[in-house]
Amino acid sequence: MKQLACDVLVIGSGPAGLAAAWEAKQQGAERVMLLERNDELGGILPQCIHNGFGVREFGDDLTGPEYAYRWIAKAHEARLEILSETMVLDVGRDRRVVASSRDHGLVEITPRALVLAMGCRERPRGALAIPGSRPAGIYSAGTAQRLVNMEGYMPGRRFVILGSGDIGMIMARRLTLEGAEVVAMLEILPYISGLRRNLVQCIRDFDIPLELCTTVAEVRGRDRVESVVVSGVDEQWRPLPGTDREIACDTLLLSVGLIPENELSRMAGVAIDPVTGGPYVDESFCTNVPGIFAAGNVVHVYDLVDDVSENARIAGRSAGRYVTQGAPPEDGSVRLLAGTNVRHVVPHTVHLSRLEQEAVVLNLRVRQPIEEPVRVEVRAGDEALVSRRYRYARPSEMIALTLPSALASRLAAYDAVNIDVIS
Amino acid sequence: MYDVIIVGAGVVGAHIARTLARYQLDILLLDKASDVGEGTTKANTAIVHAGYDAKPGSNKARFNLAGNAMFDTVCRELDVEFDRCGSYVVGVSEEARATLEDLYRRGLENGTPGLELISGEEMRRREPGLTEDTVGALYAATGGIVDPFALCYAAAENAVANGVELRLETEVQGFIWEGDAIVGVETNRGPFRSRWVVIAAGLWVDDLMHEAGLEGFTITPRKGEYFVLDREAKTAVQNVLFPCPTPVSKGILVTPTIHGNVMLGPTAEDIEDKENLSTTAAGLNEVMTGALRLMPQLDARWIIRSFTGLRAAGSTGDFLIEIPDEVQGLLVLAGIESPGLTASPAIAEHVAAMLGEAGLPLVERPDFNPIRHGTPRFSLLSREEQEALIAQDPRYGRIVCRCETVTEAEIVAACHAPIPARTYDAMKRRTRIGTGRCQGAFDTPLVLEIMAREYGVSPLELTQKGGASHMVVRRTKEVAE
């Protein structure tokens, strides 16, 4: 097997991988290598032809391909070593990576630091166990997006979209613009799961009927989807008897959630948080395996690509420093626990000596929406160490909270603190 | 003019075709579906049964035992994945002890080798995730798991390689008669004449029997719903686990599959519609409840797919394999439900013998080759073997389905196999694309592109499973092809 060596190896060249690799190089890592399974860089970005990318990162409102292109130009400028059309088959605890490609066959790469940036995947129909037949015409929203935007084929003519994730909403608009009919978007929750701006710009502006607290109770059709039976749901998300109705359609799109893609992480012995589906990380985005870092949606699913790039940079910087300065000293740390109405917090732990040097931004998601002013607090016992006011809290919009460096000395008294979101 | 027409290219028809291909005969294998094995063969529990539970003296018992004994050879010859891993019937109540003993005795009477009654503690030692209520189990050393799709297409491919003609999307609509003798079939693609017609039409056999003037035998589609679990579940399930059986079915199993997943099911519900392959909320709920009774810690988050299969349950409760007195030139196989997959190679031998006795000259072909080589499955090979393959054909280096690690070369090979995988589902059964945890979300556009290229057609012509099951319906912007 061909053996390759490098300082930092990044798996995945989406917005996370590009930013992490670039940043590792800026930190002085000499040989930074980027692996991508597709024939072009950018991960999912090339198929995201809508705008809304890069306002923070580049100060421009860009499309996905444009956003990718800016980063790819930076990657080439920084002389990153790029292996595209290369799929990783195996990762060991010792960071040894085996990858396969048409051009190079199997290659084994042992980097001094590894960044996991494989992104996320869509939750499939099977995971929902929707009853009914199994005809053609059931796609996840992202697969439909690739078919339409990259391959130039329409997966159907008359669509029902289950789930109100961002890709689902964006595809509702896209399909409408391509002359298809989107007859309904259904969301099982009492609120949408994607961003508000997409609700306005993709659903309301195109008069697409959105039904909350509603799900697909059955798929019908032999060869192609012929209809779906939709039904209201109770608080336990079970179909409510008597609320059924049949909607004729030839395609059902699913936009029912994204799952961080961590099969390779598990192979490497990286511990996974069952709540986020991603690795447990500290403030440097280091996993439990020394020298293995995680960047972007592999950690937890972000709302915006700008957030992905920004946080991935931290992972890349840490990986770069890991090879140029060695492993940071293991010292006191505090665990951050999801408290009242908080689903999860990233990072999971913060090292105090590093907090002393630099503020740490926490990203958290709430469980329940609160449509009135809330306080986001870092609490130890009865004491609120940090308390900040926000106008509202929604599960679909990640909350960022800064831990100032000055807090390090106060946190030293605790093993763990709670993060609460309260009205 | 053929010597034999076989109607139905499921696992039974395919094995009959392969067995008859040993002889100097002109054979036509017909199926109305777009691929072989599209009926009961593609949706069942994929278990090679040991044969302890069939009624002693029945055809089911006889052919189960005989078929089971043939599996090592057949799967080796046909390059089909098979694991004789043993199986367990697990008792979880005091009454179950008696049932287990009954099954054990019946197994001895059937001549099932390798049966052993074991204690509840021993069973839980072998399968730690089993319920604490486990009181004992019947171990059957000859039980196993197999790739049911491959068992069918490999036999059919081997038949084709040995001269059998296969026609898909060819539906028998009636028979050609000469007096009381059947001398062929009428189909949607015209008439085909033959000396013998063998009906192995699964769910539809009673309709064809009726067409042939045979009365009394009926098929009831018995629905079985299943869940397929992610490979991750394999950490929690080591063995093939049956609950104690009921009169209508073997109960909700928890079983590893040959491909490394875990399968739960099936339910057993008699229905009327032979094409109703839908799952139901109640059925899926029953599957999970039943499985949890054996393995309480199974996690519903492991579910990646659900499906329904229909058993061709015959009115006599046994396999019917006969040359009816009333009609000449006809051999009928009916009611081949479980353990039909296990029995299929033995049934095929028996059918050949019956035809021989009835006057069909069985002259061996000197050039018959029982060996079929499947396409190497990249994901199962050592790194050295993988490297060697990529060196031979770089398309082995391109992974198209990441969850199941399927390469472009495997997809291309399935396009050019003796029985080409014409549909996406056929491709799934050949290569395992789209069967993993993302369920095709990643590979679908890539596979469409490769299949369109290899077959020289537009993606607009490709279907999921034949008929009108097109996967994409038009170009964007209405661009002309």
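About the criteria used
- Residue positions are given per chain, counted from 1 along the sequence in the order it is written.
- Here the convention is simple: chains get letters from A, ligands get numbers from 1, in the order in which they are written.
- Reporting in this predicted model follows two pLDDT cut-offs: at least 70 for local features of residues, and 80 or more for side-chain atom pairs to be given and counted; totals over whole chains, interfaces and linings ignore these cut-offs and use all residues.
- For the side-chain quantities, the full set of heavy atoms in the structure was used; hydrogens and water were omitted.
- Any two residues whose heavy atoms approach within 4.5 Å are treated as being in contact.
- Once two parts are put together, the accessible area they lose, assessed with a 1.4 Å probe and summed over both, is termed the buried area.
- Here a salt bridge means any side-chain nitrogen of Lys or Arg lying within 4 Å of a carboxyl oxygen belonging to Asp or Glu.
- Polar contact is defined as a pair of N or O atoms within 3.5 Å, subject to the rule that within protein one atom must be able to donate a hydrogen and the other to accept it, and that residues adjacent in sequence are counted only when both atoms are side-chain atoms.
- In DSSP terms, a helix is any run of H or I states spanning at least four residues, a strand is any run of E spanning at least two, and both are numbered starting from the N terminus.
- Each residue is assigned to one class: nonpolar for Ala, Val, Leu, Ile, Met, Phe, Trp, Tyr, Cys and Pro, charged for Asp, Glu, Lys and Arg, and polar for all the others, Gly among them.
- If DSSP finds at least two bridges between two strands, the strands pair.
- The domain limits used here are those given by an automatic or database domain assignment.
- Here a cavity denotes grid points, spaced 1 Å and computed from the protein atoms alone, that fit a 1.4 Å probe unable to get out, and a pocket denotes an open set having protein on both sides within 12 Å along at least 5 of 7 lines; residues with an atom within 4 Å of a point are the lining.
- Grid points are joined across faces, edges and corners, and a volume is the space filled by probe spheres set on the points.
- For this analysis, a nonpolar core means a set of buried residues of the types Ala, Val, Leu, Ile, Met, Phe, Trp, Tyr and Cys, connected via side-chain atoms within 4.5 Å.
- Each residue is assigned to one of three classes by its accessible area relative to the maximum for its type, calculated with a 1.4 Å probe on protein chains only: buried under 20%, partly exposed between the two thresholds, exposed over 50%.
- With its strands directed away from the observer, a crossover is right-handed exactly when the path from the first strand over the helix to the second travels clockwise.
- Side-chain rings of Phe, Tyr and Trp, where Trp is taken by its six-membered ring, are said to pair if the distance between their centres is within 6.5 Å; with planes under 30 degrees apart they count as stacked, over 60 as edge-to-face, and otherwise as tilted.
- Angles run from 0 to 180 degrees between N-to-C directions of axes, and those axes are lines fitted to C-alpha atoms, restricted for helices to the stretch in contact.

J.: Help me out: how do you make sense of the interface of chain B and chain A in this one?
T.: Interfaces are often described in size by the accessible area the parts lose on coming together. Of the residues lining the interface, 56 residues belong to chain B; the matching set on chain A comes to 49 residues. Note on chain B versus chain A: buried area summed over both sides is about 4300 Å², and carbon and sulfur give 54% of it. Broken down residue by residue, the surface that chain B buries against chain A is led by Arg383(B), Val473(B) and Arg474(B), which jointly contribute 15%. Connecting chain B to chain A are six salt bridges. The partner of Lys477(B) in a salt bridge is Glu178(A), and the shortest N-O contact between them spans 2.3 Å. Counting across the chain B and chain A interface gives 23 residue pairs in polar contact (both at pLDDT 80 or more). Elements supplying a minimum of two residues to the side of chain B that touches chain A: α7 (281-294), β18 (303-314), α9 (383-392), α12 (444-455) and β23 (474-475) of chain B. Taken together, the residues of the side of chain B that touches chain A sort by class into 24 nonpolar, 17 polar and 15 charged. As paired strands, strand β11 (residues 153-154) of chain A and β23(B) are joined by two bridges and run antiparallel to one another. Counterpart to Tyr153(A) in the pairing with β23(B) is Arg475(B).

J.: Where do I start with the domain arrangement of chain A in this structure?
T.: Residue and element names in this part refer to chain A. Domain assignment breaks chain A into domain 1 (2-121 + 259-328), domain 2 (129-256) and domain 3 (337-422). Centre-to-centre, using C-alpha coordinates, domain 2 lies 35 Å away from domain 3. Contacts between the two partners involve six residues from domain 2, matched on the other side by six residues from domain 3. For the pairing of domain 2 and domain 3, the buried interface totals around 430 Å² over both sides, and the portion due to carbon and sulfur atoms is 56%. For domain 2, the biggest contributors to the area lost against domain 3 are Tyr191, Leu195 and Arg196; these three give 80% of the whole. Across the domain 2-domain 3 interface, the total number found is zero salt bridges. Looking at the side of domain 2 that touches domain 3 residue by residue, the class counts come to three nonpolar, two polar and one charged.

J.: Mind showing me how you'd approach empty space enclosed by the protein here?
T.: A probe matching the size of a water molecule, rolled over the atoms, marks out where space remains unfilled. Applying the stated criterion across every chain yields a total of four cavities of 30 Å³ or more. Approximately 450 Å³ is the volume attributed to the largest cavity. Looking at the largest cavity, it is lined by 28 residues, and the ones nearest its centre are Arg125(A), Ile138(A), Tyr139(A), Arg305(B) and Gln439(B). Elements represented by at least two residues in the lining of the largest cavity include exactly β10 (138-140) of chain A together with β18 and α11 (424-431) of chain B.

J.: Would you mind going over the nonpolar core with me for this structure?
T.: Side chains that are nonpolar tend, in soluble globular proteins, to be buried together. Membership of the largest hydrophobic core comes to 66 residues, with the highest contact counts inside it found for Val8(A) and Ile11(A). Sequence-distant contacts of Val8(A), defined by excluding residues within four places in its chain, comprise Ala24(A), Ala29(A), Arg31(A), Val32(A), Met33(A), Pro111(A), Ala113(A), Val115(A), Ala319(A), Gly320(A) and Val323(A). Ala144(A), Leu147(A), Val400(B) and Leu460(B) belong to the second-largest nonpolar core, a separate cluster that totals 59 residues.

J.: Sorry, what's going on with the pairing of strand β12 (residues 158-162) of chain A here?
T.: Along any regular strand the residues' side chains alternate between the sheet's two faces. Residue and element names in this part refer to chain A. Taken across its five residues, β12 has four buried, putting it largely inside the fold. Relative to strand β13 (residues 181-186), β12 runs parallel, the two being bridged by five bridges. Paired with Ile161 across the two strands is Met185, which belongs to β13. The handedness of the β12 to β13 crossover, carried by helix α5 (residues 166-177), is right-handed. Bridge count between β12 and strand β18 (residues 251-254): four bridges; the pairing is parallel. Among the inter-strand pairings, Leu162 is bridged to a residue of β18, identified as Leu254.

J.: Help me understand the packing of aromatic side chains in this model?
T.: Note on aromatic pairs: each is described by the distance of the centres and the angle between the planes. All names here are of chain A. Tallying each qualifying case throughout the model produces nine aromatic pairs over all chains. Seen from their ring centres, Trp22 and Trp71 are 5.9 Å apart, and the 80 degrees between their planes marks the pair as edge-to-face. Here Trp22, found in helix α1 (residues 15-26), pairs with Trp71, found in helix α3 (residues 64-77); they are 49 residues apart in sequence, far enough to count as distant. Look at Trp22 and you get buried, because its relative accessible area is 18%.

J.: Mind showing me how you'd approach the sheet that holds strand β25 (residues 374-380) of chain A here?
T.: Whenever strands of a sheet pair, they do so through backbone hydrogen bonds, lying parallel or antiparallel. Residue and element names in this part refer to chain A. Across the sheet, which stays open at both edges, the five strands sit in the order β23-β21-β28-β25-β26 with mixed pairing between neighbours. The outermost strands of the open sheet, each flanked by one partner alone, are β23 (349-351) and β26 (383-390). Ignoring strand direction, the axes of neighbouring strands in this sheet form an average angle of 20 degrees. Where β25 and β26 come together, seven bridges link them in antiparallel fashion. The residue bridging Ala380 from the neighbouring strand is Glu383, located in β26.

J.: Where do I start with the domain arrangement of chain B in this structure?
T.: All names here are of chain B. Split by domain assignment, chain B resolves into domain 1 (1-83 + 145-218 + 315-374), domain 2 (84-144 + 220-311) and domain 3 (378-478). Here domain 1 and domain 2 have C-alpha centroids that lie 28 Å from each other. Across the contact, 36 residues belong to domain 1 and 40 residues belong to domain 2. Together, the buried faces of domain 1 and domain 2 total about 3000 Å²; carbon and sulfur atoms form 57% of this surface. Looking only at domain 1, the three residues that lose the most surface to domain 2 are Tyr52, Ile145 and Leu203, adding up to 25% of its buried area. Our count for the contact surface shared by domain 1 and domain 2 stands at four salt bridges.

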